[in-house]
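Understanding the architecture of this molecule
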Amino acid sequence: MMQETSEREVIDNEEKVSNEESRSSEKDSETSEARESNEDGNSGLVDEENLLVESDEESRAMENAGERDNEENSAGVYNEESCSSERDSETREVRESSQDRNSGLADEENLLVESDEASRAAENTGERDSMQTIALTDRSVDLRLIAREIQEDFPHDFYSEHLPTLKDLIHVGPKRDTRYESRDWVEIRGPDMLWRLAQLTRVVKIEENEGENTETTFRFDARSQRDILEKDIRAPEEGLRCVFGSRPWVWQQWACLKLENALRFQDGHGHDFMLFDVKKYVADLWDMWLNHPSNTEFKQIFQDDRVGDVGRSELLDHIMKPFELIDEMKNGEGDWDFSEDGDISVYTYLSFLGSGWVVALAMAGIQIAVPMLILRTTMFRRSDFINDFLDFFTVSNVENLDDLDNIQGVVIAVLILYLFRIIPENFCSFFRVVGPSRSVYSRIRSFREQVWLQQEDRVGQIIGYKADTAMNTLYIVAVYAMNIYIIINSDDALDIILNSLAFEFILSLDEEVVTSSWYDPRRRWLIAGSIEIVLQYTLELRLLKSAKTFCEKYDITVDKMNQAKIKLDETENFIHDPERAAKDTTDTKFMTAEEEKNFRFANVAKQRNLQNAIAEFQKPAVYFDPAYYYFATKILGTRFGGMFNRYQSYRCWSRWEKILFISDVPELSGVFGTDGVRVSDDLDLVKHTTEKPFANISSISSECNIGTTLFIRRGLEILSLRYLVNEIKKSWSFKDHFRLLIKPTLDFFTLWLAYVAQVLFPVYIVVVLIVVVVTTIQTRD
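Here is a short report on the structure shown in this document. On a predicted model such as this, the values are computed, not experimentally measured, just so you know.

What counts and how
- Residues numbered from 1 in each chain as written.
- Predicted model: local features only at pLDDT ≥ 70, side-chain atom pairs only at ≥ 80, totals over all residues.
- Heavy atoms only, no water.
- Pairing = 2+ DSSP bridges.
- Helix = DSSP H or I, 4+ residues; strand = E, 2+ residues; numbered from the N terminus.
- Axes fitted to C-alpha atoms, helices over the stretch in contact; angles between N-to-C directions.
- Buried < 20%, exposed > 50% of the residue type's maximum accessible area, 1.4 Å probe, protein only.
- Expected span 1.5 Å × (residues − 1).
- Core = buried A, V, L, I, M, F, W, Y, C linked by side-chain atoms within 4.5 Å.
- Contact = heavy atoms within 4.5 Å.
- Phe/Tyr/Trp six-rings, centres within 6.5 Å; stacked < 30°, edge-to-face > 60°.
- Parallel < 35°, antiparallel > 145°, perpendicular 65-115°, else oblique.
- Left-handed = near helix turned anticlockwise from the far one by under 90°.
- Nonpolar A, V, L, I, M, F, W, Y, C, P; charged D, E, K, R; others polar.

With that settled, consider the sheet that holds strand β5 (residues 225–229). Taking strand neighbours across the sheet as the criterion, the three strands line up as β3-β4-β5 in an open arrangement whose pairing is antiparallel. Strands with a single pairing partner mark the edges of an open sheet, and in this sheet they are β3 (202–210) and β5. Strand-to-strand twist of the sheet, defined as the mean angle between neighbouring strand axes without regard to direction, takes the value 30 degrees. The pairing of strand β4 (residues 213–222) with β5 spans three bridges and is classified as antiparallel. Paired with Ala-222 across the strands is Gln-225, a residue of β5.

Within a regular beta strand, the side chains point alternately toward one face of the sheet and then the other, so they alternate between its two faces. Counting buried positions along strand β1 (residues 185–189) yields five of five residues, so the element is predominantly enclosed. Of the two faces of β1, the one lined by Trp-185, Glu-187 and Arg-189 and the one lined by Val-186 and Ile-188 are each fully buried. Of the pairings in the sheet, the one linking β1 to strand β2 (residues 195–199) comprises five bridges and is antiparallel in character. Bridge pairing links Arg-189 to Trp-195 in β2. Note that β1 and strand β6 (residues 233–234) share two bridges and pair antiparallel. Bridge pairing in β6 places Ile-188 opposite Ile-233.

Here we take up unusual backbone geometry. With phi around 70 degrees, Met-193 is a residue other than glycine that occupies positive phi space. Note that Met-193 resides in the loop between β1 and β2. Overall, the relative accessible area of 6% leaves Met-193 in the buried class. Even without being glycine, Asp-227 reaches a positive phi, approximately 55 degrees. Position of Asp-227 among the secondary structure elements: in strand β5.

This part is about helix α16 (residues 459–471). Compared with the 18 Å implied by 1.5 Å per residue over 13 residues, the 18 Å span of α16 between its first and last C-alpha is a close match. Buried residues dominate α16, accounting for 10 of its 13 residues.

This part is about the sheet that holds β6. Pairing is antiparallel across the open sheet formed by three strands, whose spatial order is β2-β1-β6. Strand pairing shows two members of the sheet lacking a second neighbour, β2 and β6, which therefore form its edges.

Ranked by size, the top nonpolar core spans 167 residues in total, and within it Trp-251, Trp-286 and Trp-656 carry the most contacts. With 13 residues, helix α14 (residues 401–434) is the single largest residue contributor to this core. With residues up to four places along the chain from it excluded, the contact list for Trp-286 reads Pro-248, Trp-251, Phe-298, Phe-302, Leu-315, Leu-316, Ile-319 and Met-320.

The next point concerns helix α7 (residues 278–290). Its 13 residues place the ends of α7 18 Å apart at the C-alpha level, agreeing with the 18 Å of an ideal helix rising 1.5 Å per residue. All of the buried residues along α7 are Val-278, Tyr-281, Val-282, Leu-285, Trp-286, Trp-289 and Leu-290. Elements in contact with the buried residues of α7: α6 (247–262), α8 (296–302), α9 (308–319), α10 (321–331) and α25 (593–607).

A separate point is the packing of aromatic side chains. Going through the model one piece at a time under the given rule, you end up with 35 aromatic pairs. Ring geometry for Trp-286 and Trp-289: centres 5.0 Å apart, planes at 45 degrees, overall tilted. Taken together, the positions of Trp-286 and Trp-289, both in helix α7 and three residues apart, correspond to about one turn of that helix. The exposure class of Trp-286 is buried, given its relative accessible area of 3%. Here the aromatic rings of Tyr-480 and Phe-761 are separated by 6.3 Å at their centres, their planes lie at 25 degrees, and the arrangement is stacked. Here Phe-761 lies in helix α31 (residues 737–780) and Tyr-480 lies in helix α17 (residues 474–488), a separation of 281 residues in the sequence. By way of ring pairs, the aromatic residues Phe-244, Trp-251, Trp-286, Trp-289, Phe-298, Phe-302, Phe-323 and Phe-661 are connected into one cluster.

Turning our eyes to something else, we now look at the packing of helix α15 (residues 440–454) against helix α20 (residues 524–538). Two elements in contact, α15 and α20, have axes separated by 9 Å at closest approach and are oriented at 40 degrees. In terms of their interaxial angle, α15 and α20 are classed as oblique. With respect to the hand of their crossing, α15 and α20 are arranged in left-handed fashion. Residues Ile-444, Phe-447, Arg-448, Gln-450, Val-451 and Gln-454 of α15 pack against Ser-530, Ile-533, Val-534, Gln-536 and Tyr-537 of α20. A breakdown of the residues in the contact of α15 with α20 according to their chemical character gives six nonpolar, four polar and one charged.

On to the pairing of β2, then. Of all the five residues making up β2, five are buried; the element is thus mostly covered by neighbouring parts of the structure. Of the two faces of β2, the one holding Trp-195, Leu-197 and Gln-199 and the one holding Arg-196 and Ala-198 are both buried throughout. Hairpin connection from β1 to β2: five residues lie between these consecutive antiparallel strands, with Met-193 at a positive phi of about 70 degrees.

Shown next as structure tokens:
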């Protein structure tokens, strides 16, 4: 019985051991399966690790329970089988085999734990490697995005890859939070006051707190152009013409003439240009024109919902820019402070006003005569003039060596001063005169230059403009070169210093005169002249003289001109018609209510010879030059001409009444797509070409520094004489034979020689300085 019991116990122990082995093999398979699943993917890592930990804990608990059972069974065997040695030996063998199996199981458990830890470490390493790979991928994507952003903001070849289509130039639709957004195509006013097409690349919102109010403004970047003000941006003309047609630009020409007729140069009067509300007056003209019964066709487009607030506001902003600029000038807003600019001279006044001859001629005589007299005194001081002239670089013959040392030292000091002060200062002055600088003088000269290029300036303006250019460029170089010759040939160090100071005074004489209290103390004449230049630049007088070219410019068909009873062959009597203008200016049906009242009051005042009343109700003729005023009013007996009376012969209001409303108006169905809301994709096919270029497009818009680039390009054109050739061709196309002869001659003597002098002047100073130093060293030896 005892033997049977022991055998069953042994069998039970063997079954327990086999069960434990099967469990360990199952755990091994589970672990291997978990490891394989971890190697295949990273999903479910946390759940599988939790399962492995739970299985390990269960296996350990079962093994501990098995050990306790084995110990109890072993103790019973020893007590029950003490009488039989054979059974003891068998029992020991079974116990030893059981212990061996238990120790094997423990080793397998340790190996399993180690393998689990190794698998977890491998899994963590894989996760880190995959995360690093993802991070590197994200970083490479970020670098590509950054590179693309830089390429868009700073393109290498802008106009070969980023030319806009007509669709890009159209701004319509409902009102937006910001007027313009990044990637919008607009026109930007450059430092030369010309508008150029460009693409915005960044919009910067600036909020300024003033007490309880917060003022929000925007600054814009357009590729390489930075910090652009909103007032220097407008919607592209090409896109606006596509939506609205050319009729608003015809209105702009008419509004300029109406404004010039309304303004006065009469201090204290309500219509004086400094007091007159230009914006309100022009806005009233727009409303009157928009609501005219003959303008119904355009008004429907203007108020169309598809055009929206954006389209309407952009058109008004674009078309009102000249009048806003006039308002800024007279109010001194922004950068238009005329009182602080020291480059304005008597020749600038003559260039703008076309009058001021007396003072300009007097200053020119003094500035030319005084240096010539000093030079003559120096050149003829010695008897041997020819040898002295040939011995240009040799300092004067002085017998006393101490005096010679003093003179040579002063000469070298003056030349070094010229090298490090005069040359840079002269170059900056030259850039302000002929280049697009940001100064008030440079910007108003840019307008003046455009009037010269349009060939629409008067004779007095032409002479003043060229005198202003020559006296601020070529004359300065000539005077400094003359002074160098004089100081080299001076016998006294004090004479060198005094002559140099005299030349500096002579150079600044034309600028010093305009600051005198008797000349133009409040700069009223200069501001008025600048306003006139803006009107003169905006008015296309050459088109107003020719019906044919006017129709081509503003999309007017021959049939509509015939309906208006205007013949295309009447080129000289289209809008520029003095006889018709004289009649229309006295016809009350072309007057506003205020103009009619002033006209009737002025007639009554003239009948009763009431001079004060006449001055109040009738616009006086005002001239800057007193001599010209006396000649025009007393000798010729005219009340026309003068300030804000330049274009009285273009005030043919009866003809303007006919042509204001006959320009073609486009069909909006061709602008908007099939949905009738978005701009048509067909306009993407309309691109800029040489035959049909977009308005105001220029490759210069992508340059880093537009002012410097314009200056360099123009200098190269002038030095290579291409500029003169182009101007000759333009004069020939205009059939202006007077300008064909005069314009190239004036340009050659003012521009080409001025650029050549600027290039040679630094070389001249350096050569003279080297020769004088070498001569001084040789003299000491």
